[in-house]
Amino acid sequence: MSEFLVAAYPWIKALHIVSVVAWMAGLLYLPRLFVYHADARPGSDKAETFKLMERRLLRGIINPALVAVVIFGALLATTPGVVDWRQGWIWTKLVLVAALLGFHICLVRWRRQFAADAIPHTARFYRAINELPMLALIAIAILVVVKPF
Ligand code: HEM
C-alpha cells in the first residue's frame, strides 16, 4: 500500500486539488444564492428557483466534493514522507479544515430552512459570512505550500 501511495502521490495530489476547487466554489457560491434568496418573497417563482439551485448545488457538487477532499487528503496524509507530524502547518491546516466543515454544516441547515420557506438570516448576514471560506482558503494555501512552521 505505501509503495502504491508513493507512486500515485502526484495523481492523488492533483485529484485533491480538483476536489478542493469544487468544494470551495460551492462554499463561496451557496451563501451568494442565500443573499438573493433572503430578499425573495417566500412562495414566489424566484424563491422556488433559488430552492432548486441551492438543492442541486449542495447535493450535486458541495457534498460529493467534501467527500473527495477528505478521501484524497487522508491518502496524501498517510503517504510516507509527505507530512512531518512534528510540524505545525498540518495541524493548523486541519483546524481550518474543521472550521470549513462547520461552515458546510451551517449551509446544510440554512438550505433546509430556506426549503421550508423560512428565511434564517438577512441578506446582509449572508453577504458578510461569504468572505469566511475565502479567508480560510488563503490561510490553507499558504500553510500547505510555504509550510511556514
Ligand atoms: C481532511 C482534509 C484534508 C487533509 C487531510 C489534507 C491533507 C493534505 C496533504 C497531506 C497534502 C500534501 C502536502 C504536500 O505535498 O506537501 C495536501 C495538499 C494540498 N491541500 Fe489538503 N488536505 C485536506 C483538505 C484541504 C482543503 C480543505 C484545502 C483547501 C481549502 C486543501 C488544500 C490543499 C492544497 C492546495 C494542496 C497542494 C499543496 C501543494 O501543491 O503542495 N486541502 N493536503
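Residues numbered from 1 in each chain as written. Predicted model: local features only at pLDDT ≥ 70, side-chain atom pairs only at ≥ 80, totals over all residues. Heavy atoms only, no water.

1. Some words on the environment of Val145
Within the secondary structure, Val145 is located in helix α5 (residues 132-146). By relative accessible area, Val145 is classed as exposed at 68%. Linking Val145 and Trp89, residues 56 residues apart in sequence, is a C-alpha distance of 9.6 Å. (Helix = DSSP H or I, 4+ residues; strand = E, 2+ residues; numbered from the N terminus. Buried < 20%, exposed > 50% of the residue type's maximum accessible area, 1.4 Å probe, protein only.)

2. Section: the layout of surface pockets
If you add up the space inside the largest pocket, you get close to 730 Å³. If you trace the largest pocket, you find 29 residues lining it, with His16, Leu76, Lys93, Ile140 and Val144 closest to the centre. Of all the secondary-structure elements, those providing two or more residues to the lining of the largest pocket are α1 (2-37), α2 (45-77), α3 (88-115) and α5. No other element matches α1, which puts eight residues into the lining of the largest pocket. Classifying every residue of the lining of the largest pocket gives 24 nonpolar, two polar and three charged. (1 Å grid on protein atoms, 1.4 Å probe; cavity = no way out; pocket = protein on both sides within 12 Å on 5 of 7 lines; lining within 4 Å. Points joined across faces, edges and corners; volume = space filled by probe spheres on them. Nonpolar A, V, L, I, M, F, W, Y, C, P; charged D, E, K, R; others polar.)

3. Here we look at the nonpolar core
In terms of nonpolar packing, the biggest core is built from 28 residues, with Trp23, Leu27, Leu30 and Tyr126 touching the most fellow members. Every element with two or more residues in this core is listed here: α1, α2, α3, α4 (123-129) and α5. Ranked by the residues each element gives to this core, the list is headed by α2, at eight residues. The contacts of Trp23, once residues within four sequence positions are left out, are Ile62, Ala65, Leu66, Val69, Val97, Leu100, Leu101 and His104. (Core = buried A, V, L, I, M, F, W, Y, C linked by side-chain atoms within 4.5 Å. Contact = heavy atoms within 4.5 Å.)

4. A short note on unusual backbone geometry
With a phi close to 70°, Asp117 is a non-glycine residue in the positive phi region. If you trace the backbone, Asp117 turns up in the loop between α3 and α4. For Asp117, a relative accessible area of 39% translates into the label partly exposed. Unlike most non-glycine residues, Lys147 shows phi in positive territory, near 45°.

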